[in-house]
Amino acid sequence: MRVCLVSPDGGLAFDARRRATEPLAAIESDLARDLDLPTIWAAMADGDPHVWEVARAATLAPATEPRTVRYRQEVLADLRAHPEAARQLYAIACDATRAGDRTHEMLRRTPSSTLRRSAEVLETLLGQLRRLRAFAEAYDGNVTSEGLCAFVATLLSELDEPYFAEMAAHLSRARFKEGVVMSAQLGTGNRGAGYVLRTARDAPGRRRRGEERGATHSYSFDVHPRDEAGREGLARLQDRGLNLAANVLAQSTDHVLAFFAELRLEAAYYLGCLNLERRLSSLSAPRCTPDPVGAGTAVLSVSDVYDPALVLRTGSPAVGNDVEADEKMLVVVTGAGSGGKSTCLRALGLAQLMMQCGMQVCATRFRGSLCEAIFSHFPREEDPSTESGRFDEELSRMGRIAEHLTPHAMVLFNESFAGTGEREGAELARVIVSALVGAGIRVLYVTHRYDFAKSLFEQTATSALFLRAERRDDGERTFKIREGAPLSTSYAPDLFERIGGFGSARSVGV
Amino acid sequence: MRSAAANNAHAPQAGRLHLDAAWSYLQAVESLATALAAAAPTSRAMRALLSYTVDLTASERFCDLRSDCTRLRQSLASVRYSVHVRGARVTVASLDDEPDYCVEVRRTFERFGQGVTRDYRVPIADRERLDHVEARVLDGVAALFASEFDELGLFCTKWQDFVDPVVDRFRREVRFYLAYLSFTGPLRTAGLPMCYPEVRWRPEESWARDSYDLALARKLVLGGGAVVTNDFSLGARETLLVVSGANQGGKTTFARMFGQLHHLAALGCPVPGTGARIRLCDEIFTHFPREESPGSTGGRLEDDLRCIREILLTASPDSVLVVNELFTSTTRQDASFLGRKFVERVCEIGLIGVCVTFLEELTTMTASTVSMVSTVDPEDPSTRTFRVLRRPADGRSSTAELVRRHGLGSEQLAARLLR
């Protein structure tokens, strides 16, 4: 019985066992930093550290199959219509896993203590399973997504009354009020060996009516209450049986706890998605369900895409942009400084990521091919503590990306290789871009370098999309990115003007 | 196992232990026969053993034991019973085919997945003897399965002595060989040579090459140190090795090596070295410095003398002598006198031996004495090489060398003072 809410085949789609304290791989932390994922995670978590962990794990392990993405979208749609469902599932799962946490390792573990502990936990878990059943009964027929329907159907068929009765029977038998019955064979020195615990149908000595058993068929003795060694031997003998019972019960408890842990993970994920949607809608930021296309195609068609992290941070709506890059593996964004180029890049990156996670994306329309992995290469501050210079650092980060590249990946470059002379940087960038695009990797490149952009434009005009940050004639920026060839003016003068210059001899009091 | 059986008074336990002992005996003999056949031994003793064990395993008595054992083991293996513990009452009964509890529990919970999970069993150690609760359970089983246990009793009576006496003797005797092999094992692993010496009765010459003190070598090898090997040779008419030289230079070790070689060769064991011809002796006499015994009336010298006298009176031309430091508790002059007397007598008797001494005049006394010297590194006279070589005693002690090196020898000092 698997939860299968996050992917149709079950299994952990992402490993949220990575605790918050565990550092991310360098590649992942680069992406998280560049796209400002922590803001997204915080919005998804809404204060719950477990949801935060799940959000982090999920966004760093996006799905790569359209089927999986659609599967999640449908489940999310269902849960959007019934928000208390997600909360309920999460609460049940949390209560269940908490019961498991309460069992701490005792200093001296004995078979009977292990048995008792496991029975206690299973008792609690039985209660949670009943709640799950109630949940399934409530939503049976009210959900439409493949995932939830299957989940509800599984719960209804597997967790029926006879099954609960079976579990309860095991729990009461685990008290072994009738004593312990074992079968055994003869081992070394004719001692007992190969003990197998048996379910006592009835206590020997209380024979079934009508069945006569002579005295030769059983042999009993009592251990005297003051016989210390005898009581010890008795306990050891009994422990042989209890040991087996404790083991199997504890292992079964572990299995049930594993099921609830999986439920908690998947419920947390959807809860996080819904939290994010709620935050964004409270800021009047529009969202849509994207249309995923299989990897290997070059589809990217977007309307009004914006950066959700920016919106969450500033609390005010952002400017959306359109991008039509079907059949164009390379997208180059040029234009005025602080004209919204980086923001646009982030918006596209986040939208791609969120689509692949199965969430809604921050746009009014989004249709794109899935990619195997997303990488980012954004500027970093020069770190005075490192020995390498900025260019060195950029190269090493690029090297890291190159190590992990797969076909059908997506790479976001933001002002890359600026830490060196224009010509060198341009040459390097050209080489890298053509290599990646040639290998079928989608490249989104933001640059202010005219020569580089121009040369790319001349080489690839039809197979690449060129966008330009808009600048009105009066110098104001609209943060809109429109299709256009690169322009040679760099708009530094009007930026200079806008910040008020560097002061003049007149303004310094003489 | 047999001794455990003997020590156990509880019949059902003892009986089973005896049965198991018999079973291991059967298997041991059979595997011995197979192993011997596979090894194709060349020595007379082992070949005889091989044919004996082959005959034994085919013998009627052996096959009888085997069939009895097998049958009884099978019948005991088929015994199954149930034991019910409730409070202070234990009930042993025949099996009623109740369902397996663990299987049932697992079946109920298997729908939750079968992921890897840990083992929660607490280890319960089995003690050598059954405690009395287990023993009473066993009594119950014996009562329930009376026929099987009666058979066990009969078996024990019938086969009280199942071990073939020859096999038993082999077991005792082979231990010596196995012990020696395991003792010398580390030495062989360290690359030290061992060989089978030629053992002769009164050979013209006797010698050994690249030999060493076995006991010291083992200690060194186990401690990670290096072993220095030495040779000795006694040519025609040479009988006594007189060893002198630097202190702590390996003279005593050399003497020990000589004695060990003769002893081990006479035992028939392989000896340290790459080759050796050793004289077979009738007795080995040793004289090492002893502590003064409080009971003796005379001083140490007298004790020394009396010991040597005893030795020389008892020794024969086929004996071997190992002497370490003669007559040290007297003046040089006296020691020299006594030493000469000693060597004369030794050469008269004609026995061979080694004598470690600081009395260098003994090294050249007769034609039968061979001078050997523990050498030092010519570059640095304070370093010992632990090599003992045939060489005339050089009289120069290492201290003299050291003194000379520092320019403090008498001529050197005189020359310096003149300046």
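The structure we're discussing is the one just above.
Residues numbered from 1 in each chain as written. Chains lettered and ligands numbered in written order. Predicted model: local features only at pLDDT ≥ 70, side-chain atom pairs only at ≥ 80, totals over all residues. Heavy atoms only, no water.

Focus: the overall build of chain B
Thought 1: When its secondary structure is counted, chain B shows 14 helices and 14 strands.
Thought 2: Judged by the C-alpha coordinates and their principal axes, chain B covers about 115 × 55 × 50 Å.
Thought 3: Looking at chain B as a whole, 43% of its 419 residues are labelled buried.
Thought 4: For chain B, the share of sequence-separated contacts (at least 6 apart) that also reach a separation of at least 24 residues comes to 70%.
Thought 5: When the accessible surface of chain B is split by element, carbon and sulfur atoms take 54% of a total near 22,500 Å². (Helix = DSSP H or I, 4+ residues; strand = E, 2+ residues; numbered from the N terminus. Buried < 20%, exposed > 50% of the residue type's maximum accessible area, 1.4 Å probe, protein only. Contact = heavy atoms within 4.5 Å. Areas by Shrake-Rupley, 256 points an atom, 1.4 Å probe, with all protein chains shown as cover.)

Overview of the overall build of chain A
Thought 1: In terms of helices and strands, chain A carries 15 helices and 13 strands.
Thought 2: Within chain A, counting contacts between residues at least 6 apart in sequence, those at least 24 apart form 75% of the total.
Thought 3: Counting every atom, chain A has about 22,900 Å² of accessible surface; 51% of that belongs to carbon and sulfur.

Quick word on the packing of helix H4 (residues 60-77) of chain B against helix H7 (residues 146-158) of chain B
Residues and elements named next belong to chain B.
Thought 1: Orientation of H4 relative to H7, taken along the N-to-C sense of each, is 155°, at an axis distance of 10 Å. Of the possible angle classes, the one that applies to H4 and H7 is roughly antiparallel. H4 and H7 meet at a crossing whose hand is left-handed. Here Asp64, Leu65, Asp68, Cys69, Arg71, Leu72, Ser75 and Leu76 of H4 lie close against H7, whose contacting residues are Glu148, Phe149, Glu151, Leu152, Phe155 and Lys158. (Axes fitted to C-alpha atoms, helices over the stretch in contact; angles between N-to-C directions. Parallel < 35°, antiparallel > 145°, perpendicular 65-115°, else oblique. Left-handed = near helix turned anticlockwise from the far one by under 90°.)

Brief notes about helix H2 (residues 11-39) of chain B
Thought 1: Look at H2(B): 41 Å from first C-alpha to last across 29 residues, which is about the 42 Å you get at 1.5 Å a residue.
Thought 2: Looking one or two residues past H2(B), Ala40(B) carries a phi angle of roughly 45°, positive in sign. (Expected span 1.5 Å × (residues − 1).)

Thoughts on the sheet that holds strand S2 (residues 192-198) of chain A
Thought 1: If you trace the five strands from one edge of the open sheet to the other, you get S2(A)-S1(A)-S1(B)-S2(B)-S3(A), paired in antiparallel fashion. Among the strands making up the open sheet, the edge pair consists of S2 and strand S3 (218-222) of chain A. With strand direction ignored, the average angle separating the axes of adjacent strands in the sheet is 25°.
Thought 2: Pairing analysis gives five bridges linking S3(A) to strand S2 (residues 89-94) of chain B, with the strands arranged antiparallel. Residue pairing in the sheet places Tyr219(A) in a bridge with Val92(B) of S2(B).
Thought 3: Relative to S3(A), helix H6 (residues 132-144) of chain B is tilted by about 160°, and along the sheet it contacts strand S1 (180-186) and S3 of chain A together with strand S1 (81-86) and S2 of chain B. (Pairing = 2+ DSSP bridges.)

A word on the pairing of strand S12 (residues 352-356) of chain B
Residue and element names in this part refer to chain B.
Thought 1: When you tally the buried positions in S12, you get five out of five residues, the bulk of the element.
Thought 2: Along S12, one buried face is formed by Ile352, Val354 and Val356 and the opposite face, lined by Gly353 and Cys355, is buried too.
Thought 3: Here strand S7 (residues 240-245) runs beside S12; their pairing, made up of four bridges, is parallel. If you follow Leu241 over to S12, its bridge partner there is Val354.
Thought 4: Crossover handedness for the path strand S11 (residues 320-324) to helix H12 (residues 332-349) to S12: right-handed. (Right-handed = clockwise from strand over helix to strand, strands pointing away.)

Quick word on the pairing of S2(B)
Thought 1: Bridge count between S1(B) and S2(B): six bridges; the pairing is antiparallel. What sits directly across from Ser82(B), in S2(B), is Ala93(B).

Regarding the interface of chain B and chain A
Thought 1: Listed per partner, the contact involves 67 residues of chain B and 76 residues of chain A.
Thought 2: Summing both partners gives a buried area of about 6,900 Å² for chain B against chain A, and 53% of it is carried by carbon and sulfur.
Thought 3: A per-residue breakdown of the area chain B buries against chain A is headed by Tyr101(B), Arg111(B) and Phe112(B), which together make up 13% of the total.
Thought 4: Scanning the region where chain B abuts chain A turns up six salt bridges.
Thought 5: Note that Glu134(B) is salt-bridged to Arg240(A), the shortest N-O span being 3.4 Å.
Thought 6: Our enumeration of links across chain B and chain A arrives at 25 residue pairs in polar contact (both at pLDDT 80 or more). (Buried area = accessible area lost by both parts, 1.4 Å probe. Salt bridge = Lys/Arg side-chain N within 4 Å of Asp/Glu carboxyl O. Polar contact = N/O pair within 3.5 Å; in protein donor to acceptor, adjacent residues only side chain to side chain.)

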